[in-house]
Number of protein chains: 2
Amino acid sequence: MTTPLRIALAGLGTVGGGVIRLLDANRELIARRAGREIEVVAVSARDRTKDRGVDLTRFEWVDDTAALARAGNADVVVELVGGSDGPALTLARATLAGGKSFVTANKAMIAHHGLELAQAAEQAGVALKFEAAVAGGVPVIKGLREGAAANAIGRVYGILNGTCNFILSKMEAEGRDFADVLSEAQALGYAEADPTFDIDGVDAAHKLSILASIAFGTRPGFGEVATSGIRQVIAADIAEAAALGYRVRLLGMAEEAASGLFQRVHPHLVPVGHPLAHVTGATNAVVAEGNFVGRLLFQGAGAGDGPTASAVVADLIDIARGEFGPAYAMPAAALVEPHAADAGERRGKAYVRFTVADRVGVLAEIAAAMRDAGVSIESLIQRGVSADGHALVAIVTHEGPERAVAQALEKLRGSQSVIGQPMWMHILGE
Amino acid sequence: MTTPLRIALAGLGTVGGGVIRLLDANRELIARRAGREIEVVAVSARDRTKDRGVDLTRFEWVDDTAALARAGNADVVVELVGGSDGPALTLARATLAGGKSFVTANKAMIAHHGLELAQAAEQAGVALKFEAAVAGGVPVIKGLREGAAANAIGRVYGILNGTCNFILSKMEAEGRDFADVLSEAQALGYAEADPTFDIDGVDAAHKLSILASIAFGTRPGFGEVATSGIRQVIAADIAEAAALGYRVRLLGMAEEAASGLFQRVHPHLVPVGHPLAHVTGATNAVVAEGNFVGRLLFQGAGAGDGPTASAVVADLIDIARGEFGPAYAMPAAALVEPHAADAGERRGKAYVRFTVADRVGVLAEIAAAMRDAGVSIESLIQRGVSADGHALVAIVTHEGPERAVAQALEKLRGSQSVIGQPMWMHILGE
């Protein structure tokens with residue numbers, strides 16, 4: 001057996017502690033699989049005195065995170081600090097510039113600076129790996145980069161945020177409203193005190209932009225992802241969707257079209273026959289559709305210390321084995337600039353829900369707007385008046401261009417009949 | 001870009017043709033991802049004159065399959081001939097002895113001779129890869145070998161045979177009997193003219209033994225897999241299972257227990273809440289449960305030229321990238337002899353169905369046998385008499401040792417009340 005792979009670890013929160021516990025618990029097994037031991041030699045975190053339930057005295061303690069890049073004669077730096085910039089980015093740059101491999105779970109940093117870091121890693125001939133940045137413990141970066149590497153990918157999409165899926169599936173199971181379930185999720189620790197990044201889709205968009213680069217060979221472009229979250233989903237949307245044979249899921253989706261690449265994170269209606277309709281709770285799941293392999297599904301825990309540590313250490317094992325190459329499946333120089341597709345051209349079925357005033361002619365006005373925009377209605381449900389005197393109209397359209405739906409909604413803007421913003425969700429095509 | 005990776009290809013059936021079509025269709029993309037072109041230089045098959053819909057004139061034709069090991073200055077030999085021994089094995093040995101990498105989709109050969117071949121590959125410092133041997137296009141070998149490498153695996157199990165799953169899910173959807181659906185599956189090309197390997201579980205057992213070696217670091221031991229197929233599953237089993245909240249699936253399962261390793265392929269009852277309950281048609285799906293990552297699911301097409309070719313070429317891309325190591329995740333010398341666990345000690349819930357004579361005391365006799373063996377009954381359904389004068393009794397037990405169920409069935413052997421063999425199926429624990 002050769003010399004151990006020496007690790008310097010920045011960040012000792014839940015995931016950092018998980019990595020140390022995992023390396024302790026599975027030490028011998030990992031050494032057999034990796035062909036050498038994987039050994040933490042130095043750590044850095046904000047507070048040296050905090051009890052983290054693991055013995056840290058055996059590691060060199062480094063106060064300045066950036067200095068970890070040169071600490072303890074490490075071969076690899078693992079960054080679990082978080083944040084798209086700041087100390088994490090400083091450490092990443094210093095590590096790669098110093099010719100050491102770099103492993104991170106930091107989706108925000110990779111979404112924003114992945115290309116620069118991949119170039120630095122290639123220049124230094126070292127590894128940049130970030131399996132834990134997408135879908136936690138699920139090896140979906142590897143699945144796309146390697147498992148599906150023989151395929152031209154048509155679409156890659158999935159449930160990328162466990163908090164949103166927990167909330168949506170709880171709303172579904174219990175018929176409760178968003179705000180109510182969010183509070184419970186926060187109390188249970190499934191949602192942050194400030195849940196914005198999760199429920200507004202930003203976290204999923206970070207992950208999607210990483211998947212899209214690997215799947216389509218495009219430069220990471222977080223700014224290209226059209227994003228909306230789940231705040232506007234009401235209990236009635238979930239109930240109407242169910243009545244029509246769908247479940248509501250927040251999906252990140254990247255899709256190659258004639259006019260370019262779509263990248264979007266939105267709540268979708270998923271047909272009950274689709275595997276993603278059965279993904280409940282904080283689970284993540286990613287589907288990749290390849291021109292030879294067909295539909296591949298990867299599913300598992302998207303967060304938590306154990307699953308995330310599993311992905312981090314999988315990256316370390318690849319490095320210990322010497323089985324790594326360009327982070328984005330091809331050299332950074334070979335990645336092409338993505339051409340954003342024209343969303344209006346995209347064809348699909350749509351769900352549109354209106355909250356309306358209870359008065360004569362409302363339905364006629366909505367139907368006329370749809371007709372005038374060329375939107376063909378497959379089914380329509382109108383529900384009786386609620387306590388506040390409002391009614392609900394939910395429509396599923398036939399397949400057609402998204403532009404037409406946008407036009408219909410534009411026509412209805414400012415209507416006295418329609419209360420608040422209509423809720424428009426794409427329906428996942430089989 | 002460096003020199004191409006040169007391939008010699010043995011076997012030009014559906015999968016062999018698929019590999020050539022894939023390399024043609026995705027040539028440029030693969031070269032970008034692999035860092036070099038992948039180029040077929042020589043081929044071998046039984047009949048040179050047969051029209052396979054691909055242009056073979058550009059390749060060197062080798063009549064003697066074994067000679068392919070030295071043909072065309074190839075770097076890698078791809079074997080798609082099939083058969084556990086014979087020409088495939090001869091070619092594998094010659095290729096590795098000659099210091100070239102070897103890629104195969106041949107589950108039977110790997111199940112029987114994988115250890116020997118892995119040793120030969122290590123000795124020569126070349127790759128032995130067989131992603132396509134398990135679950136077709138689904139990168140589950142990679143998922144276990146690399147993606148889940150940081151974990152001690154508790155169980156690995158799944159739907160490993162598309163033919164059986166096609167038949168079972170069609171029986172389920174249409175309430176039809178096994179023989180009837182098998183004939184249709186044969187007519188549609190989903191089942192072979194001689195379906196024995198598929199429906200008796202041998203094919204799934206080959207695949208399971210490969211997964212078990214990688215998951216548990218044990219020497220491949222095909223002989224250790226207890227195997228039964230789906231011939232004995234009747235429409236009523238599926239209906240009773242559904243009434244009790246289960247679906248019937250043929251599962252391959254390897255599980256670490258205190259007394260050793262279980263390896264088995266049997267029809268199981270899967271709770272409807274489990275992801276495998278939603279896998280229908282010829283799809284394959286594998287679950288791995290790790291001590292840190294929790295439950296991972298890999299799902300996709302388990303057969304067919306496109307998916308299988310996708311897996312074969314994924315192996316070639318790994319080789320082109322130089323990202324490969326020991327076939328079984330660790331050096332062959334580090335694999336340990338599996339200790340077969342005592343099945344009687346295994347605890348779980350069971351389904352037992354009896355076909356019984358329609359007369360007084362039958363139920364009492366069965367219930368007494370269960371009680372005397374210490375089997376606790378959770379639910380029991382007795383269905384009225386069929387045209388042939390027989391009735392049906394279906395039992396779901398509480399969790400208990402499998403030995404007790406075996407004892408109860410032993411007590412009932414030779415009973416005048418019980419007609420034919422009782423059907424005993426394990427129930428998958430959550």
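Position labels on residues start from 1 in each chain and follow its written sequence. Labels are handed out in written order, letters beginning with A for the chains and numbers beginning with 1 for the ligands. Local features in a predicted model are, by the rule used here, given only for residues with pLDDT of at least 70; side-chain atom pairs are given and counted only at 80 or more, and totals for whole chains, interfaces and linings are based on all residues. To obtain the side-chain values, all non-hydrogen atoms of the structure were used and water was disregarded.

Draft legend 1. Structural context of helix H2 (residues 27-34) of chain B. Listed in full, the buried residues belonging to H2 of chain B are Leu29, Ile30, Ala31, Arg33 and Ala34 of chain B. The contact rule is simple, with two residues in contact once any of their heavy atoms fall within 4.5 Å. Working definition: helices are DSSP H or I runs of at least four residues, strands are E runs of at least two. Numbering for both runs from the N terminus. On its buried side, H2 of chain B packs onto strand S7 (153-159) and helix H9 (202-216) of chain A together with helix H1 (14-25), strand S2 (38-44) and helix H11 (305-321) of chain B. Following H2 of chain B by one or two positions, Gly35 of chain B adopts a phi angle in the positive range, close to 85°. Type-normalised accessible area, obtained with a 1.4 Å probe on protein chains alone, sets the label of each residue: buried when under 20%, exposed when over 50%, and partly exposed for intermediate values.

Draft legend 2. Region of the structure containing the packing of aromatic side chains. Note on aromatic pairs: the rings of Phe, Tyr and Trp (six-membered ring only in Trp) are paired at centre separations within 6.5 Å, and the planes decide the class, stacked below 30 degrees, edge-to-face beyond 60, tilted for the rest. Counted under the stated rule, the structure contains five aromatic pairs over all chains. When the centroid spacing of 6.2 Å and the interplanar angle of 85° are considered together, the rings of Phe298 of chain A and Phe298 of chain B count as edge-to-face. Residue Phe298 of chain A is located in strand S12 (residues 294-301), and its partner Phe298 of chain B is located in strand S12 (residues 294-301); the two belong to separate chains. Relative accessible area serves as the criterion here: at 2%, Phe298 of chain B is assigned to the buried category. Geometrically, the ring pair formed by Phe130 of chain B and Tyr328 of chain B is tilted, given 5.6 Å between the ring centres and 50° between the ring planes. Of this pair, Phe130 of chain B sits in the loop between strand S6 (128-129) and helix H5 (140-147) while Tyr328 of chain B is found in the loop between H11 and strand S13 (347-357), placing the two residues 198 residues apart along the sequence. In this scheme, the term charge over a ring applies when either NZ of a lysine or CZ of an arginine sits within 6 Å of the ring centre and within 35 degrees of the ring normal. For the cation-ring pair, Arg346 of chain A lies above Phe262 of chain A, with the distance from its terminal atom to the ring centre recorded as 5.8 Å.

Draft legend 3. The arrangement of the sheet that holds strand S3 (residues 60-61) of chain A in detail. Residues and elements named next belong to chain A. In spatial order, the strands read S3-S2-S1-S4-S5-S6; together these six strands make up an open sheet with parallel pairing. Here the strands that pair on one side only, and so sit at the sheet edges, are S3 and strand S6 (128-129). Relative to S6, strand S5 (residues 101-104) runs parallel, the two sharing two bridges. Along S6, the bridge assignment pairs Phe102 with Leu128. The axes used here are C-alpha line fits, helices contributing only the stretch in contact, and every angle between their N-to-C directions lies in the interval 0 to 180 degrees. The strands touched by helix H11 (residues 305-321) within the sheet are strand S1 (5-10), strand S2 (38-44), strand S4 (76-79), S5 and S6, with S5 carrying the most contacts at an inclination of about 160°. Note on pairing: two strands pair once DSSP finds at least 2 bridges between them.

Draft legend 4. Molecular detail of the UniProt feature "binding site: NADP(+)" (unreviewed entry) in chain A. All names here are of chain A. UniProt positions are given in the numbering used here, feature names are shortened, and annotations may be inferred rather than shown by experiment. Here, UniProt's "binding site: NADP(+)" (unreviewed entry) annotation points to Ala10, Gly11, Leu12, Gly13, Thr14, Val15, Gly16 and Gly17. Among the residues examined, Gly11 registers a relative accessible area of 9% and is labelled buried. In contact with Gly11, not counting residues within four places along its chain, are Gly16, Ser44, Leu80 and Val81. Apart from the residues within four sequence positions on either side, Val15 is in contact with Leu80, Asp305, Thr308 and Ala309.

Draft legend 5. The arrangement of the UniProt feature "binding site: NADPH" (unreviewed entry) in chain A in detail. All names here are of chain A. Under the local residue numbering, the UniProt record ascribes the feature "binding site: NADPH" (unreviewed entry) to Lys107. Take Lys107: it is sitting in helix H4 (residues 107-124). Of the residues examined, Lys107 reaches a relative accessible area of 23% and is grouped as partly exposed. Ignoring anything within four residues of it in the chain, the contact list for Lys107 reads Ala133, Asp203, His206, Lys207 and Ile210.

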